[in-house]
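Residues per chain, in single letters:
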Amino acid sequence: MTVLTARDAGLVGCTRCGRVWPEGTAECGRCGARLHPVDGRGLQRVWAWWLAGLIFYIPANLTPMLRTATLTGHQENTILGGVVELVAHGSYFVAAIVFLASIVIPISKFLAIAYLALSVGNERRAGAHPHLHLYEVVEFIGRWSMIDVFVVAILSALVQLGTVASIHPGPAAASFALSVALTMLSAQSFDPRLIWRGPARTTGP
Amino acid sequence: MTDTPEQNAPAELVTSPAPNPIWTRLSVIWLVPLLALAITLGVAWKSYADRGVLIEIDFADATGLHPGETPLKFREVEVGKVETVGFSPDLKSVRVKIRVDKDVAHFIDSEARFWLVRPQVSAQGISRLDTVLSGTFVEGYWDAEPKGEAKLFNGLDKPPITPDPTKGTRVELRAEDAGGLVEGAPVLFRGVTVGRIQNLRLNASDSGVIVDAFIDAPHDKRLTTATRFWDTSGVSVSLGPSGVSLDVRSLASLVQGGIEFDTFATGGSFIQNGFPFRLYPTVEAARGSIFGNDIAEPARYTLLFDDAVQGIERGTKVQFRGVEAGEVSDISIKVETDAQGNRFAQQQIVIALSPERLGLARGSDAQSVTDFLEGEVATGLRARVAGVGILGTTLIIELTDVPDVPNATMNLTNQPYPTIPTTRPKDNDLATSAQGVFKRIDALPIEELMNSAIRALDGVAAVAESEETRAVPGELAGLLEQLRTLTEELNKGGAAEKTLAAIDGVTEAASSVLVEFDGLNETLDSLDKAAQAAAEIPMADIGAKVDGILGDIRAMLGSEGADRLPKALSATLEQSAALLEELRAGGAAEKLNATLVAAQDAASAIGDASDRLPALTAKLESLVTTAEKLVASYGERSAFNAEVLDTMREMRRATAAFGSLARMIERNPRAFILGR
Amino acid sequence: MSSPAPLDQLIACPSCDALHRSARLGESERAACARCGTLLITPRARSFLHVIALAFTAMILMIAAIFFPFLKISAQGFSHASSVFEVAMAFSEGFLAPLAFAVLMLIVGLPILRFGALIYVLWPLANARPAWPHAAQAFRLAEELEPWSMAEIFIIGTAVALVKIGGLASVSLGPAFWAFCALIIVTALKNAFLSQWTIWDAIGRK
């Protein structure tokens, strides 16, 4: 079935409140949000944030996330190292959660956003639902990657038992948080309406 | 436009829909935030109200104290937390504010004590190493009866030795110097640790030290006013009638010092916290102190001696019938004028007697002691100087029954103290025996014997030369001839001279021996007389008398004590040497040094004593040799000879052993202490 | 081409840009996009008042969560307590300091801001009065900040951390923890009761 889109009607819909305005209006009169026409210019923002997030994701995995100081000595763990340790200790559940939240989800987010951004060029009017679902999943799940940052924060704040055990956050925490934030921004900048139509026809009526 | 007739017509009411009453307008939903608010405020209020009381404790420094973390523990249960760490107004100490749980806060009274629990390494051991991991914490002690509010306390730097003062008694010990005492050293009773000493400090006038001893319950029940405390740290070496003795309580007390106590006398009353005791340096001093815990003042008496008595000093013991009953407290000279107007000096000795030791009831006053003594004096009690000990060189004043004394009474009006009649000093046993021997020699009726011997010989000669004898048959003549020959031989052999010479030698030896002993002028006189009278001696009678002499000598030598004396000495010496070797290897150097000094003193005392020993034994030996020669000159084969010789040999063995001991000590007094 | 209807009667689906005619809905009806199925108008199950009340509750709970003790760990005689503030401050060393601020914002600051904004927007609307000035901006702010207020993620993170150290030491949960859990429930309810379209509509009607 074909529907009339606001763009086709020469209107611009506000992504915030849904009100339509004539094409070219800059701001939504009701909610004050900036009105973006459905074109590919927003994609640049998506890529920019995405790249930044990716750049910060690298030190997040290479530098230590947690520094544990016990009676027996110091230990530094990266995200992956921590997962491996947890598995070695037998806490599979926690290891799975950390692995999911800190590795699977961010990487899949990168991939998903990239895929969405790349695939948006094609006109898919019919089978776009999966993409939309993908987008929704990405947007929903994105913030949950922050779990690991909070876990680090809680462990560092709580396990301060003098010389017996104390945990301190490592630099990976900051860069991981930054990476998550940037990918969130990247996902937010992605205009899902682009899934439903290709880049703006620069020509045409 | 019409004119509105406003002035006179009533105005229109302004209508508007009436608002519903507020309670219908408010939806139930508002309960939710109200509930949330109520719960929040309730929890906040409860945690504020349960917060506990803030107390302040001043410590010297705040090592290991972290605000918000360091706990306050009572009996190892956390009852509070350090909140802030600041300074006292004069900046001299750190003021720590601790918030104490409410349920224990009201027990904290002015008697509560607080201290820091940190790892401690000391002579008493290593403790609380667990605080290295868990961190320093503040510990407090208080009891269940709050006595007075207090919010500001002075914290101690280390745990008090006795955190719980109810479970024991604290006493104060006073001594002249700290000796081997160390803070925290144990207090022993019969070798069992029953308490600790703490708080070693100088007394107010810096003339001695005071230390607190805390005796745990239930042993503190043994403390009475008659209890004596003494210092058992280190090693004590003593030389006494039974030999050299070495006393080490335990290796622990060797290293860290210790105090022991015991109650030697009955009748003491219970004591309170803080009762002062005197700390004696050795157990002997503690035992021997007569007056340490007497209630009553000792009774004092004056003794007047005509002869100067050397060697009596203040503190010299006074014995009553063999039991130590007091000591000499003063010595002076009293100048008297006698009936002829001549002035003479008397030695005036004041003695102090303990009524208890005399056998009177505890707490008897001086009058009852005087009454008692008067009765004794009437039955012959006198005071005199006596010598005790191996060589009789330790002097005491003796109050004892003396036989055959002229009647005397106490002079009760003498100032400042009543007198007890005195008598001549008793002579030494050895001297008495020797004197007795020579007295017997003196008592020999030698002159009569010699006279009758001369007469007999004259008679024989007359008979032999008379006309009648010629008429006697030749056998009789021959018999008489034999008799004469015998007499001539004897005369020729110079037996008399020999005897004289022997007795001279004996006299010399004996006189040099006996010059050690006091008052032996009579003995020497006797010897002189004996030597003179020995010019002509009838042998058989002398032989009989000498038997008696031998019996005496043997009795003297055969007494058990004298026999065992050298053996006991050498055995003890060996033991001491081994023990000291052990100690030295064990490395208790410090204590041993002090001990060595003490032992050195003992050794030099021994040395002094033993200086005389070689000379003495040499003289004894020469005496024996001379006596032997005397006996040997009477012929080989008689039983009398053999017996005498045996006895002489025994005597010589004894003196030889004695001599070797003396020589060894003289050679190297240190050797017997340190081992070879 | 001219719009088929007055503009204010149209809704453009934010997901797929399809145009629809807006309609007043009944109490339990909801409207979805014809093409992509995105919910456009959610049922107004409860009134604004509920949202306000829940927002107040959430604020109170958040403040309680900040000030009450949060977690306490104890192992073999050692113990350490931590509040939410201290958790954020765990990053305060060195160059991680900005992260501490960010975490604090994410957990505490932004949610409170959102609650405040919601209350500001909805209060007059609940009383059937015109919206206060800048209500639109306020509501937009609240909506934009929604993915950034991570209180529930924080709690899940706490749960994960507790599981992680639960085997080594015993952790006791203070009142702040429970306040946070309640906060999450309240927030979820609030979001359920919130209908953006309705609010925008109400804001727009002046």
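Residues numbered from 1 in each chain as written. Chains lettered and ligands numbered in written order. Predicted model: local features only at pLDDT ≥ 70, side-chain atom pairs only at ≥ 80, totals over all residues. Heavy atoms only, no water.

**Examining the interface of chain A and chain C**
Every contact between the two is made by 62 residues of chain A and, on the other side, 62 residues of chain C. Of the roughly 5600 Å² buried where chain A meets chain C, counting both sides, 74% is carbon and sulfur surface. The largest per-residue losses of area from chain A upon contact with chain C belong to Arg30(A), Phe150(A) and Leu158(A), which jointly make up 13% of the total buried on that side. Linking Glu152(C) and Arg143(A) is a salt bridge whose minimum nitrogen-to-oxygen distance equals 3.3 Å. (Contact = heavy atoms within 4.5 Å. Buried area = accessible area lost by both parts, 1.4 Å probe. Salt bridge = Lys/Arg side-chain N within 4 Å of Asp/Glu carboxyl O.)

**Some details on the packing of helix H3 (residues 92-119) of chain A against helix H6 (residues 171-189) of chain A**
Residue and element names in this part refer to chain A. At a minimum axis distance of 11 Å, the contact between H3 and H6 shows a crossing angle of 35 degrees. In the crossing of H3 with H6, the sense of the turn from one axis to the other is left-handed. Contacts between H3 and H6 pair Ala101, Ser102, Pro106, Lys109, Phe110 and Ile113 from the former with Phe176, Ser179, Val180, Thr183, Met184, Ser186 and Ala187 from the latter. Residue composition of the contact of H3 with H6, grouped by class: 8 nonpolar, 4 polar and 1 charged. (Axes fitted to C-alpha atoms, helices over the stretch in contact; angles between N-to-C directions. Helix = DSSP H or I, 4+ residues; strand = E, 2+ residues; numbered from the N terminus. Left-handed = near helix turned anticlockwise from the far one by under 90°. Nonpolar A, V, L, I, M, F, W, Y, C, P; charged D, E, K, R; others polar.)

**Section: the UniProt feature "transmembrane region" (unreviewed entry) in chain C**
Per the UniProt record, "transmembrane region" (unreviewed entry) is found at residues 48-75, 95-123, 150-171 and 177-200 of chain C. Secondary structure content for residues 95-123 of chain C is 93% helix and 0% strand, and the end C-alpha separation is 42 Å. (UniProt positions renumbered as here; feature names shortened; annotations may be inferred.)

**Topic: the pattern of salt bridges**
Opposite charge on two side chains lets them pair, provided their charged atoms get close. Residue and element names in this part refer to chain B. Under the definition given, this model contains 19 salt bridges over all chains. The partner of Arg201 in a salt bridge is Asp212, with the nearest N and O atoms 3.4 Å apart. With Arg201 in strand E12 (residues 192-202) and Asp212 in strand E13 (residues 209-216), the pair connects residues that are 11 residues apart, well separated along the chain. The exposure class of Asp212 is buried, given its relative accessible area of 5%. Salt bridges here are not isolated pairs; linked through shared partners, they connect Arg170, Glu172, Arg174, Arg201 and Asp212. (Buried < 20%, exposed > 50% of the residue type's maximum accessible area, 1.4 Å probe, protein only.)

**A word on the nonpolar core**
Core analysis: the biggest nonpolar cluster contains 144 residues, and Phe91(C), Leu122(C) and Phe180(C) have the highest contact counts within it. Contacts of Phe91(C), omitting those with residues within four sequence positions, involve Val149(A), Val152(A), Ala153(A), Pro169(A), Ala173(A), Leu96(C), Ala97(C), Leu99(C), Ala100(C) and Val103(C). If you look at the next biggest cluster of nonpolar residues, it comprises 26 residues, including Val96(B), Trp115(B), Leu116(B) and Val117(B). (Core = buried A, V, L, I, M, F, W, Y, C linked by side-chain atoms within 4.5 Å.)

**Quick notes on the side chain of Thr169(B)**
Residue and element names in this part refer to chain B. With respect to the helices and strands, the residue Thr169 is situated in strand E10 (residues 168-175). Classification of Thr169 by relative accessible area gives buried; the value is 10%. Setting aside anything within four residues of it in sequence, one finds Thr169 in contact with Ala213, Phe214, Ile215, Asp220, Gln272 and Asn273.

**Details of the packing of aromatic side chains**
One pass over the full model with this rule turns up 22 aromatic pairs over all chains. On the basis of an interplanar angle of 50 degrees and a centroid distance of 5.3 Å, the ring pair of Tyr120(C) and Trp132(C) is categorised as tilted. With Tyr120(C) in helix H3 (residues 97-126) and Trp132(C) in the loop between H3 and helix H4 (135-144), this residue pair connects regions lying 12 residues apart in the sequence. Accessibility expressed as a relative area gives 35% for Trp132(C), which makes it partly exposed. Taken together, Phe150(A), Phe70(C), Phe154(C), Phe177(C), Trp178(C) and Phe180(C) form an aromatic cluster joined through their ring pairs. Here the basic side chain of Lys73(B) rests over the ring of Phe137(B), its NZ or CZ set 4.5 Å away from the ring centre. (Phe/Tyr/Trp six-rings, centres within 6.5 Å; stacked < 30°, edge-to-face > 60°. Lys NZ or Arg CZ within 6 Å of the ring centre and 35° of its normal.)

**Looking at the packing of H3(A) against helix H5 (residues 151-166) of chain C**
Where H3(A) meets H5(C), the axes come as close as 9 Å, and the angle between the chain directions of the two elements is 145 degrees. Relative to H5(C), H3(A) is oriented so that their crossing is left-handed. In contact with Phe93(A), Val94(A) and Ile97(A) of H3(A), H5(C) contributes Val160(C), Val163(C) and Lys164(C).

**Details of unusual backbone geometry**
Residue and element names in this part refer to chain B. Even without being a glycine, Arg75 presents a positive backbone phi close to 50 degrees. Counting through the fold element by element, Arg75 comes out in the loop between strand E2 (71-74) and strand E3 (77-87). Phi at Leu91 is positive, roughly 60 degrees, even though this residue is not glycine. Mapped onto the secondary structure, Leu91 falls in the loop between E3 and strand E4 (94-100).

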